Amino acid sequence: MKIALFSDTYYPQVNGVANTLYRLVRYWEQNGIECKVIAPKTSSNNVYATHSHSLPSMRFLLYKECRVALPFNRFVTQELLAYEPDLIHVATPFSSGLFGMNHARKYGIPMVASYHTNFDHYLYYYNLQWATSFLWKYMHWFHSFFDRTYVPSQDTLDHLSSKGFDRLSIWGRGVDTVLYHPEQHSADFKRKHNIPQDRILLSYVGRLAPEKDVETLLNIIKGFSTEWHDKVCWMIVGEGPSEEELKQSLHSYPNVRFTGYLRGEELSQAYSSSDLFIFPSPTETFGNVMLESMASGTPTVGANSGGVRTIIKDGTNGYLVTPGDAKSFIDRILFLLMHPNLLNQFSHKAREYALTQSWNTIFGNLTNDYMEIAAQGKQKIHSAS
């Protein structure tokens, strides 16, 4: 089977979509499935494998670290015609995705899409609510052409169904439970980042941007009493447009550490060296970082919204809190810190849940679905001829 994957974000960009697609491509490579990735060029270095094609790109206005591809490249079209994919997967609805969708329509290739981001929720945090109606009209038009649209959680499926989308299926997310493991706990990691060994470590991992509700994270940190500030240390992992504002707002708090982006084993050490993971984002379609944290044995207190509800089993492996309610976050965090036995129980349950989320099973089911859709597409062509 030959698959062509179109996305406006891909490795080495650091975000949940890029990481998921990179893992999916690695799964295909390991299982002998031919694939070609078409995504924006992100640097002068060729970081893609030989099966990938990087499109010329320009910086995206709102996200300076993201790129927008300049599509409709005739060389890529020629390459695709020679490649003859059995199926096209479009992961994003922007320029690269439009290129893939138009190519599939023009040449009668079965195509699927995946929906990763609740852009309508994002608009609120950038004061662009006026564009919501236009956004939904565009997204409905865009996804109407696909044989199937994959969503990461039941919550997202229900959300899109309520907007009139059809042909929806759940494509869940997995986690590497070998890389993300409780045994990655590291005293050296704490020393490197100047985190006192005797402090309780509370962490956040993710993009530092308005749509992640970092304002609530800021209010949580500032809302701790002086007594607790002397007992805990906060670790904020990630980068983004709100980073400088956060640093300025927290400059008088000596118990806060900003690490920037972390990858691989160092990220795993960050999770497993933490006592509790705090995730206030209400805009997630899934929430990969929470699953990574749970695989590391670190339970989460997260916003009761979107895909977060898929992962956190309230009162079992973490707590769900009203989005934006900093006081409720603080109350739940302190309750767990004052009941270490319960925190330890949550830690074990978090790891147990993560062990049930295998990437191989999830990617295998997705690929089998592809094969059925591609076969149905061939049958339609034969019937028409």
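Located above this text is the structure these notes cover.
Quick look at the structure, then. (Residues numbered from 1 in each chain as written. Predicted model: local features only at pLDDT ≥ 70, side-chain atom pairs only at ≥ 80, totals over all residues. Heavy atoms only, no water.)

## Notes on the nonpolar core
Note on soluble globular proteins: their nonpolar side chains tend to be buried together.
So, step 1. Ranked by size, the top nonpolar core spans 59 residues in total, and within it L202, I220, F224, W234, I278, V301 and I333 carry the most contacts.
So, step 2. Element by element, the count of residues in this core is highest for helix α14 (residues 326–337), at seven residues.
So, step 3. Excluding residues within four positions of it along the chain, I220 makes contact with W234, I278, A326, F329, I330 and I333.
So, step 4. Core analysis: the next-biggest nonpolar cluster, separate from the first, contains 24 residues, L5, V37, L366 and Y370 among them. (Core = buried A, V, L, I, M, F, W, Y, C linked by side-chain atoms within 4.5 Å. Buried < 20%, exposed > 50% of the residue type's maximum accessible area, 1.4 Å probe, protein only. Helix = DSSP H or I, 4+ residues; strand = E, 2+ residues; numbered from the N terminus. Contact = heavy atoms within 4.5 Å.)

## Describing the packing of aromatic side chains
So, step 1. Counted under the stated rule, the structure contains 20 aromatic pairs.
So, step 2. For the ring pair F224 and W234, a centre distance of 5.5 Å and an interplane angle of 85 degrees mean the geometry is edge-to-face. Of this pair, F224 sits in the loop between α8 (214–223) and α9 (226–229) while W234 sits in strand β11 (residues 232–237), and the two are 10 residues apart along the sequence. Neither residue differs from the other here; F224 and W234 are each classed as buried.
So, step 3. The side chain of K231 reaches across the aromatic face of W228, ending 4.7 Å from its centre.
So, step 4. A cation sits over an aromatic face here: R332 above Y319, 4.1 Å from the ring centre. (Phe/Tyr/Trp six-rings, centres within 6.5 Å; stacked < 30°, edge-to-face > 60°. Lys NZ or Arg CZ within 6 Å of the ring centre and 35° of its normal.)

## A look at the sheet that holds strand β14 (residues 300–303)
So, step 1. Ordered by their spatial adjacency, six strands build an open sheet running β12-β11-β10-β13-β14-β15, and the pairing between neighbours is parallel. Bordering the open sheet on either side are β12 (256–260) and β15 (318–321), each of which pairs with just one other strand. The sheet shows a mean angle of 20 degrees between the axes of neighbouring strands, direction not considered. (Pairing = 2+ DSSP bridges. Axes fitted to C-alpha atoms, helices over the stretch in contact; angles between N-to-C directions.)

## A short note on the side chain of H159
So, step 1. Considering the arrangement of structural elements, one finds H159 in helix α6 (residues 154–162).
So, step 2. Look at H159 and you get buried, because its relative accessible area is 18%.
So, step 3. Not counting chain neighbours up to four residues away, the residues in contact with H159 comprise N118, D120, H121 and W136.

## A few points about unusual backbone geometry
So, step 1. One non-glycine residue, R167, lies in the positive phi region at around 55 degrees.
So, step 2. Positionally, R167 belongs in the loop between α6 and β9 (168–170).
So, step 3. For R167, a relative accessible area of 38% translates into the label partly exposed.
So, step 4. In this structure, N194 takes a positive phi of about 55 degrees despite not being glycine.
So, step 5. Of the residues examined, N194 reaches a relative accessible area of 55% and is grouped as exposed.

## A word on helix α15 (residues 340–355)
So, step 1. Helix length check: α15 (16 residues) gives 23 Å between terminal C-alpha atoms against 22 Å at 1.5 Å per residue, within 8%.
So, step 2. For α15, the set of buried residues is L343, F346, S347, A350, R351, Y353 and A354. Along the long axis of α15, the arc covered by the buried residues comes to 160 degrees, so they all point the same way.
So, step 3. Looking at the buried residues of α15, the elements they touch are β13 (276–279), α12 (288–295), α13 (308–311), β15 and α14. (Expected span 1.5 Å × (residues − 1). Arc of directions from axis to C-beta.)

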